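Chain by chain, the residues run as shown.
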Number of protein chains: 4
Amino acid sequence: MLIIKRRINFYDCDPAGILFYGNIFFFCHSAYEELVKSFQLEFDYWLNEEFIVPIIKSAADYLKPLKHGDELTIELSTTDIRESSFELNYKCSNQSGDVCAEVNTVHVLIDKKTWQKRANS
Amino acid sequence: MLIIKRRINFYDCDPAGILFYGNIFFFCHSAYEELVKSFQLEFDYWLNEEFIVPIIKSAADYLKPLKHGDELTIELSTTDIRESSFELNYKCSNQSGDVCAEVNTVHVLIDKKTWQKRANS
Amino acid sequence: MLIIKRRINFYDCDPAGILFYGNIFFFCHSAYEELVKSFQLEFDYWLNEEFIVPIIKSAADYLKPLKHGDELTIELSTTDIRESSFELNYKCSNQSGDVCAEVNTVHVLIDKKTWQKRANS
Amino acid sequence: MLIIKRRINFYDCDPAGILFYGNIFFFCHSAYEELVKSFQLEFDYWLNEEFIVPIIKSAADYLKPLKHGDELTIELSTTDIRESSFELNYKCSNQSGDVCAEVNTVHVLIDKKTWQKRANS
């Protein structure tokens, strides 16, 4: 598991004063990038000749509004690691410890040569 | 049903050259805004004293990559209209007619005075 | 000159209810992309082996606030086309014809082989 | 002066692999928000009945490209504080210490009752 903290900025929120629902995915991806960075891989995970790892599914539940100034804590955990795909779960809480959003993304490993699913090495 | 067309811009795409998955929700919300506009409501749906309509759930399937320059067609349809909530479905196709993403959002009507769910009028 | 029209979306605006100042550059770039498209170039202007055209300077004056629902008209004109650079000016008006923002960007043509400025062909 | 550090995320960059020029303003605003927070004001600077502080001018020089994974350091300094306006300067460097962008924003204090410029208190 990996935990990141981020501040909700003014520009992340809409005229209703709350985080625009689509913006939660940027915060979550930022956690995912930190996770990949923590692996200290010897190749460029994000841009290489061998494979790409597109997101094929996303789902989010918005339980409580996040507001400008809130300190967001995202707990990222990995589930369901299969041969050519994996899922990431993000629990997004505010500074009071309330879970405000739960996000899930499904990632699949695609071989750039064959454009087929590829086994994790 | 309502249909909008939008161009995928350079800045909507990431270094892999494809639409960043979180950006699809902005295009879909743009269609939702056109839908609300088409109702020619006599009150301000987006900002008023009576109610708000937060999104409590979103889900997306990414079937084919969308790329810079693609002409996106979004078909927005409404399903599952209940007393205090409704769902919107967005079928997102490219200029070849391929469905590239399917998105679903669940909206709930909240009374600003009681902070309870409120019946559609 | 090229003219585009765009709607200001809910998510483009901040909790003060007006277009976040940084978002104007996305609308302007969208006009720039339409301009390039209108040239019907035989090569890929945006991604090719020969050159890139980075923006080295931007400036904006915000004269009147733009709001959710406003219909934005952007008039794009080209000025100061020199051997290896050019400037774009964007006049951004609302549906009442008021000029709400004036934006200027400076673009420079860089040869990918030498990483020097390159003459326009 | 205030210093913040931010990572350039994958989604901040465009298909050319560099930070989209309009995205620098979001990073800079994030520094501005931290500055305001550091003042520990007893009122809500961002949303209140008395005044607003719109940005009326922005300017940016892009000196070197910022890339995915770069660690951005922003040094925010205040200049030219006048009765009803102030300017902010942001020096944006990468992890090698190279200044990659210099940004300037002009902010003006507007009285919400009279819609005139208002003296700083």
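Residues numbered from 1 in each chain as written. Chains lettered and ligands numbered in written order. Predicted model: local features only at pLDDT ≥ 70, side-chain atom pairs only at ≥ 80, totals over all residues. Heavy atoms only, no water.

(A) Representation of the relation of the copies chain C and chain A in the model. Take chain C, turn it by 180 degrees, move it 0.0 Å along the axis, and it overlays chain A with an RMSD of 0.0 Å. What the superposition gives is, in effect, a two-fold axis relating one chain to the other. Closest approach to the rotation axis among the C-alpha atoms of chain C is made by Pro 15 of chain C, whose C-alpha sits 2.1 Å away. Taken together, the interface assignments show that 100% of the residues at the interface of chain C recur at the interface of chain A, consistent with an identical surface on both copies. (Least-squares fit on C-alpha atoms with pLDDT ≥ 70 in both. Contact = heavy atoms within 4.5 Å.)

(B) Geometry of the interface of chain C and chain A. Counting residues at the interface gives eight residues for chain C, matched by eight residues for chain A. Interface area for chain C against chain A, summed over the two sides, is near 750 Å², with a carbon-plus-sulfur share of 83%. Broken down residue by residue, the surface that chain C buries against chain A is led by Phe 10, Tyr 11 and Pro 15 of chain C, which jointly contribute 62%. Between chain C and chain A we count zero salt bridges in total. Between the two partners, chain C and chain A, sit zero residue pairs in polar contact (both at pLDDT 80 or more). Here the side of chain C that touches chain A is composed, by residue class, of six nonpolar, one polar and one charged. (Buried area = accessible area lost by both parts, 1.4 Å probe. Salt bridge = Lys/Arg side-chain N within 4 Å of Asp/Glu carboxyl O. Polar contact = N/O pair within 3.5 Å; in protein donor to acceptor, adjacent residues only side chain to side chain. Nonpolar A, V, L, I, M, F, W, Y, C, P; charged D, E, K, R; others polar.)

(C) Representation of the pattern of salt bridges. For the coordinates displayed, the defined rule picks out 24 salt bridges over all chains. Glu 34 of chain A is the partner of Arg 7 of chain D in a salt bridge, and the nearest nitrogen-oxygen pair spans 4.0 Å. Of this pair, Arg 7 of chain D sits in strand S1 (residues 2-7) while Glu 34 of chain A is found in helix H1 (residues 24-38), placing the two residues in two different chains. (Helix = DSSP H or I, 4+ residues; strand = E, 2+ residues; numbered from the N terminus.)

(D) Layout of a nonpolar patch on the surface. A surface patch of nonpolar side chains, amounting to about 290 Å² of accessible area, comprises Phe 39, Leu 41 and Phe 43 of chain A. On the secondary structure map, Phe 39 of chain A appears in the loop between H1 and strand S2 (51-52). (Patch = residues over 30% accessible without salt bridge, like charges linked within 9 Å, V, L, I, M, F, W, Y side chains within 5 Å. Areas by Shrake-Rupley, 256 points an atom, 1.4 Å probe, with all protein chains shown as cover.)

(E) Quick peek at the sheet that holds strand S4 (residues 71-79) of chain B. Read from one edge to the other, the open sheet built from ten strands follows the order S1(A)-S4(A)-S5(A)-S6(A)-S3(A)-S3(B)-S6(B)-S5(B)-S4(B)-S1(B), with strand pairing classed as antiparallel. Only two strands of the sheet have a single neighbouring strand rather than two, namely strand S1 (2-7) of chain A together with strand S1 (2-7) of chain B. Going from strand to strand, the sheet's axes swing by 15 degrees on average, the running direction of each strand aside. Direction of pairing for strand S5 (residues 85-93) of chain B relative to strand S6 (residues 99-108) of chain B: antiparallel, over a ladder of nine bridges. Note on S6 of chain B: the bridge partner recorded for Tyr 90 of chain B is Val 103 of chain B. (Pairing = 2+ DSSP bridges. Axes fitted to C-alpha atoms, helices over the stretch in contact; angles between N-to-C directions.)

(F) Representation of the relation of the copies chain B and chain A within the structure. Of the transformation superimposing chain B on chain A, the axial component is 0.0 Å and the angular component is 180 degrees, with the fit at an RMSD of 0.0 Å. Taken together, the interface assignments show that 100% of the residues at the interface of chain B recur at the interface of chain A, consistent with an identical surface on both copies.

(G) Examining the sheet that holds strand S4 (residues 71-79) of chain C more closely. Ordered in space as S1(C)-S4(C)-S5(C)-S6(C)-S3(C)-S3(D)-S6(D)-S5(D)-S4(D)-S1(D), the ten strands form an open sheet in which the pairing is antiparallel. Of all the strands in the sheet, just strand S1 (2-7) of chain C together with S1 of chain D have a single pairing partner and so form its edges. The average angle at which neighbouring strand axes cross in this sheet is 15 degrees, direction not considered. Alignment of strand S4 (residues 71-79) of chain D against strand S5 (residues 85-93) of chain D, held across seven bridges, turns out to be antiparallel. Counted as the bridge partner of Thr 73 of chain D is Ser 93 of chain D from S5 of chain D. Across the sheet, helix H1 (residues 24-38) of chain D is in contact with strand S3 (55-62) of chain C together with S1, strand S3 (55-62), S4, S5 and strand S6 (99-108) of chain D; its angle to S1 of chain D comes to roughly 140 degrees.

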